[in-house]
Amino acid sequence: MGLWRKFAIGSAAGVVLAGAGLLALDAADRAFPPPLEKADIVSAEVLDADGQLLRAFATSEGRWRLKTGVADVDPQFLRMLIAYEDQRFYSHGGVDPWALGRASLQFVSNGRIVSGASTLSMQVARLIEPRPERTLSAKLLQLARAVQIERRLTKEQILDLYLTHAPYGGNLEGVRAASLAYFGKEPRRLTVAEAALLVALPQLPERRRPDRNLKAAEEARRRVLDRVAVAEAVGDGEAERAEGVAIPSRRMQLPALAAHLAEAAVRKHPTVLKHQTTLKKQVQQGLESVARAAAMKLGPKLSLAMVMADAQTGEIVGEVGSADYFDTSRSGWIDMTRVNRSPGSTLKPFIYGLAFEQGLVSQETIIEDRPADFFGYRPRNFDMSYQGDVTVREALQLSLNVPAVKLLDAVGPSRLLVRFRRAEVRPALPPNETPGLAIGLGGVGVTLKDLVQLYTALANRGQPTRLGDGITGAPGKIDGEPMLEPVAAWNVADILSGVIPPAGAAQRGIAYKTGTSYGYRDAWSVGYDGRYVLGVWVGRPDNGAVPGLTGYGTAAPILFEGFAKSGIATTPLPRPPAGAVRIAQSELPISQRRFALSASGLLVASGREAAPQIVYPPEGAHIDLGAKEGDLSPLQLKLQGGRAPFRWLANGKPLPDLSRRRTQQWLPDGGGYSKLTVIDSAGRAASVGVFID
């Protein structure tokens, strides 16, 4: 056989063997792929509306491993990392032959390891598939895995894995977790000194932890900065200056804001790794700092809750569920923003709003604040004293109880609840009880979140806004009729904006109302400007009494401090709508100069006995009793004058019983036009026509 023929056969055989070898390697690569799925196990994160980290949750193994990409870190850190760890990272295929040869020669010459040959790809292979022992077989597997990883991922994806999984001591993994723990910031902007430390720690993370071995950390950072390639990457003189910067000696806690909402987000979507919320980190930090400071003054067992919402969009921008989530003495794990409690006097503004809307009163109308008996119900003021004749404006600003109940008696508790339903809020009534006058003084159950939702109507010219849940809820304007007419909402805001701030608080251009529930169990304060509503609750989660607890003295200072620390600039209250004006008492119509009804429904100025007159509902009124929803509420009927007993007729049909009272309830059969008539014992009658909506 000729020489050339032998050479040809040999070459062909070599090609066949090489091809077979490559096919075998490819088959082995497919049969035994690297466990890249392990790289997907990272900490769940709860983010604010702008993507800033509010809270992270450790992995099931207890690791703080925050997913990190190239775009999340300072470009200078990446240059330093590659210059120190793997200068030919972008040119090799997973294994650097030059570094491997250099390390082998140094080992043979010195009898020990002088420098490593691990590429970043090899380090990623070790991180996602750790081996307990550093044996030759483990090293060979690492080399093979690095090649496999390079075949499957881009260089940027490999860097992403390193940035996410690099060890930094203890249970810290990844550059973001380390930067937050040691520097208290995200790694998007790092100084040269900070970047050098983060480059140095992963080689020996436990020995170089700055919170345990500061000298070792300083020495490791110095070696990084002394590397010529690193010095060239950071610029002339920067490495020398960085060596003189102090290294942090303690580890900080990772962000743990919005504990209750974060827990709710993870429970709602347990498989999601990033939970976007509507919160604003700056607002949340401010409110939580106020809550912590207030809790120190409140004393043991008391908690507090706060909700701040954008009245225009319905997005919750800050939420504090308790004074301290981890404080068992305060039952901190209970989210008090979602618990029904008595709202005290915080519902009074809506009573006044209805009275303004119906034309019963104006701001300067005189109303009596004297002891009154509403058929057995005898409300008393908080301080047990009475002011006599006051204006409606003064009555609301002073939160007087008797005037509020008189107005509620006039407008009707059922009508008030119907307006609350327009805001998609349904207060909890005591079992088997119909709506009564006690509603005006806190005789229902309301959550803090629902109370804030009600107040969005006052900040929006009477149009309520649905609040989201802070996570994936659907906030936005509520369709349908407004909760209050714009002029009525403006009158309420004009009065509440004139309430004196609590002692030591600066005037912030907000309208606010306070409330204290019966027995000193709950203290409330709700305030709003032209854009945001903030609600505050203080009390014991077990509903225990707290002597001395008041809305004005306890909750209002927290409200004003919350607005100040939220970092949000005050938005002016809405301008007066057309027809909104504060009229002097002397210029009011005679019918509005004094609120004419006493608690019994009689004319205050007695004189000659008058014929009966239906004062509510007024002629031609459209009354929302829930006919569209199919669940009608009873209509409160009121009259003045006349001689008892009285017979009421609805559409010509008598109501069941004669009544000696000047109030009566009627439950319509359905919506549409109805004619109501009352006849007194002298045979005198009065009628009105109304539309039931």
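Residues numbered from 1 in each chain as written. Predicted model: local features only at pLDDT ≥ 70, side-chain atom pairs only at ≥ 80, totals over all residues. Heavy atoms only, no water.

**Examining the environment of Thr550**
Rules: The helix and strand labels rest on DSSP assignments: H or I over at least four residues marks a helix, E over at least two residues marks a strand, and numbering proceeds from the N terminus. Buried means the residue's accessible area, taken with a 1.4 Å probe over protein chains only, is under 20% of the maximum for its type, while exposed means over 50%, and partly exposed covers the values in between.
Assignment of secondary structure puts Thr550 in the loop between strand S14 (532-539) and helix H20 (551-565). In this structure Thr550 comes out as buried when scored by relative accessible area, which is 17%. With 34 residues separating them along the chain, Thr550 and Thr516 place their C-alpha atoms 5.3 Å apart.

**Re helix H18 (residues 448-459)**
Our working definition: Working rule for helices: expected span equals 1.5 Å times residues minus one.
Taking 1.5 Å per residue, twelve residues should reach 16 Å; H18 reaches 17 Å between its end C-alpha atoms and fits that length. In terms of burial, H18 is a largely internal element, eleven of the twelve residues being buried. All of the buried residues in H18 are Leu448, Lys449, Leu451, Val452, Gln453, Leu454, Tyr455, Thr456, Ala457, Leu458 and Ala459. Arg461, located one to two residues past H18, shows a positive phi value of around 60°.

**Thoughts on the confidence of the model for the protein**
Any region with low pLDDT has predicted coordinates that should not be read closely. Note the threshold: Predictor confidence is given residue by residue as pLDDT, running from a minimum of 0 to a maximum of 100. The contact rule is simple, with two residues in contact once any of their heavy atoms fall within 4.5 Å.
Looking at the protein, the pLDDT average stands at 87 and 90% of residues meet or exceed 70. Contacts from residues 15-24, a stretch scored under 50 in pLDDT, to residues over four places away or in other chains number zero contacts. Low pLDDT, under 50, characterises residues 598-608; the stretch is placed with 21 contacts to residues that sit more than four places away or in other chains.

**Details of the nonpolar core**
The following threshold applies: Put simply, buried Ala, Val, Leu, Ile, Met, Phe, Trp, Tyr and Cys residues joined by side-chain atoms within 4.5 Å make one nonpolar core.
Judged by nonpolar contacts, the single largest core of 92 residues is most densely connected at Leu304, Met306, Met308, Phe350, Leu454, Tyr528 and Val538. A total of eight residues in this core trace back to one element, the largest contributor, which is H18. With 58 residues, the next largest nonpolar core counts Leu36, Leu81, Ile149 and Tyr162 among its residues.

**Here's the deal with the side chain of Ser517**
The criterion, for reference: What qualifies as a polar contact is a pair of N or O atoms within 3.5 Å, subject to a donor-acceptor requirement within protein and to the restriction that residues adjacent in sequence count only when both atoms come from side chains.
If you trace the backbone, Ser517 turns up in the loop between strand S12 (511-516) and strand S13 (522-528). Within the local environment of Ser517, its side chain forms a polar contact with the backbone nitrogen of Arg521, the two atoms lying 3.5 Å apart. Polar side-chain contacts of Ser517 include one of 2.7 Å to the side chain of Asp522. Here Ser517 is in contact with Ser342, Gly344 and Asp522, once residues within four sequence places are set aside.

**A closer look at the packing of helix H4 (residues 120-128) against helix H6 (residues 155-165)**
Selection criterion: As a rule, the C-alpha atoms of each element are fitted with a line to give its axis, helices using only the stretch in contact, and angles between N-to-C directions run from 0 to 180 degrees. Should an angle fall under 35 degrees it is called roughly parallel, over 145 degrees roughly antiparallel, and 65 to 115 degrees roughly perpendicular, with every other angle called oblique. What makes a crossing left-handed is the near helix being turned counterclockwise from the far one by less than a right angle; a clockwise turn instead makes it right-handed. The residue classification treats Ala, Val, Leu, Ile, Met, Phe, Trp, Tyr, Cys and Pro as nonpolar and Asp, Glu, Lys and Arg as charged. All others, Gly included, are polar.
In the contact formed by H4 and H6, the axes pass within 9 Å of each other and the chain directions differ by 50°. With respect to H6, the axis of H4 lies oblique. Our pair here, H4 against H6, has a crossing hand that is left-handed. Contacts from Leu120, Ser121, Gln123, Val124 and Leu127 of H4 reach H6 at Ile158, Leu159, Leu161, Tyr162 and His165. When its residues are assigned to classes, the contact of H4 with H6 shows seven nonpolar, three polar and no charged.

**Some details on a positive patch on the surface**
For clarity, the cut-off: Surface patches are drawn from residues lacking salt bridges whose relative accessible area is over 30%; two like charges belong together within 9 Å, two nonpolar side chains (Val, Leu, Ile, Met, Phe, Trp, Tyr) within 5 Å. Accessible areas in this description were obtained via Shrake-Rupley with a 1.4 Å probe; residue shielding takes into account the shown protein chains only. Any carboxyl oxygen of Asp or Glu that lies within 4 Å of a side-chain nitrogen of Lys or Arg is treated as forming a salt bridge with it. The sign given to each residue is positive for Lys and Arg and negative for Asp and Glu; His and the chain ends receive no count. Charge positions come from single atoms, namely NZ of Lys, CZ of Arg, CG of Asp or CD of Glu.
Residues Lys67, Arg188, Arg189 and Lys274 make up a contiguous surface patch of positive charge. For Lys274, the position within the fold is in strand S5 (residues 274-276).

**Structural notes on unusual backbone geometry**
At the junction of Ala644 and Pro645, the peptide bond is cis and its omega measures out at 0° in the coordinates. Tracing the backbone through its elements, the reader meets Pro645 in the loop between strand S17 (635-640) and strand S18 (647-650). A positive phi angle, near 70°, is found at Lys301, a position not held by glycine. Tracing the backbone through its elements, the reader meets Lys301 in the loop between helix H13 (281-298) and strand S6 (303-310). Here Lys301 falls in the partly exposed class, since its relative accessible area comes to 46%.

**Comments concerning the packing of aromatic side chains**
Defined as follows: Here the aromatic set is Phe, Tyr and Trp, taking the six-membered ring for Trp, and pairing holds for ring centres within 6.5 Å; pairs whose planes are under 30 degrees apart are stacked, those over 60 apart are edge-to-face, and all others are tilted.
Going through the model one piece at a time under the given rule, you end up with seven aromatic pairs. For the ring pair Tyr325 and Phe326, a centre distance of 5.1 Å and an interplane angle of 85° mean the geometry is edge-to-face. Relative accessible area serves as the criterion here: at 23%, Tyr325 is assigned to the partly exposed category. Of the residues examined, Phe326 reaches a relative accessible area of 62% and is grouped as exposed. Where Phe350 meets Tyr455, the ring centres are 5.3 Å apart and the plane angle is 85°; that geometry is what we call edge-to-face.

**Let's talk about the side chain of Asp624**
Its location among the elements puts Asp624 in the loop between strand S16 (622-623) and S17. Overall, Asp624 belongs to the buried group, its relative accessible area being 13%. One polar contact links Asp624 to Arg422, side chain to side chain, over a distance of 3.0 Å. Not counting chain neighbours up to four residues away, the residues in contact with Asp624 comprise Val418, Arg422, Glu481 and Asp693.

**Points about the pattern of salt bridges**
Throughout the structure, instances matching the rule amount to 37 salt bridges. One salt bridge in this structure joins Lys155 and Glu150, with 2.9 Å as the shortest N-O distance. Each member of the pair, Lys155 as well as Glu150, carries the same accessibility label: buried. Between Arg338 and Glu319 there is a salt bridge, and its shortest N-O distance comes to 2.9 Å. You can see Arg338 sitting in the loop between strand S7 (316-320) and helix H14 (348-357) and its partner Glu319 sitting in strand S7, a full 19 residues away along the chain. With relative accessibility at 35%, the residue Arg338 sits in the partly exposed group. Take Glu319: its relative accessible area is 5%, and that puts it in the buried class. Several salt bridges converge on common partners, so that one network encompasses Glu368, Arg370, Asp389, Lys406 and Arg594.

**Remarks on the sheet that holds S6**
Here is the rule we go by: Here the rule is simple: two strands pair whenever DSSP picks up at least two bridges between them.
Strand order in the open sheet formed by five strands is S7-S6-S14-S13-S12, with antiparallel pairing between adjacent strands. Each of the sheet's edge strands pairs with one partner strand only, and the pair in question is S7 and S12. Shown here is a sheet whose adjacent strand axes are inclined to one another by a mean of 5°, direction ignored. Here four bridges tie S6 to S7, and the two strands are oriented antiparallel to one another. Among the inter-strand pairings, Met308 is bridged to a residue of S7, identified as Gly318. Running over the sheet, H18 touches S6, S7, S12, S13 and S14 and is turned about 145° from S14. The strands touched by helix H19 (residues 486-496) within the sheet are S12 and S13, with S12 carrying the most contacts at an inclination of about 75°.

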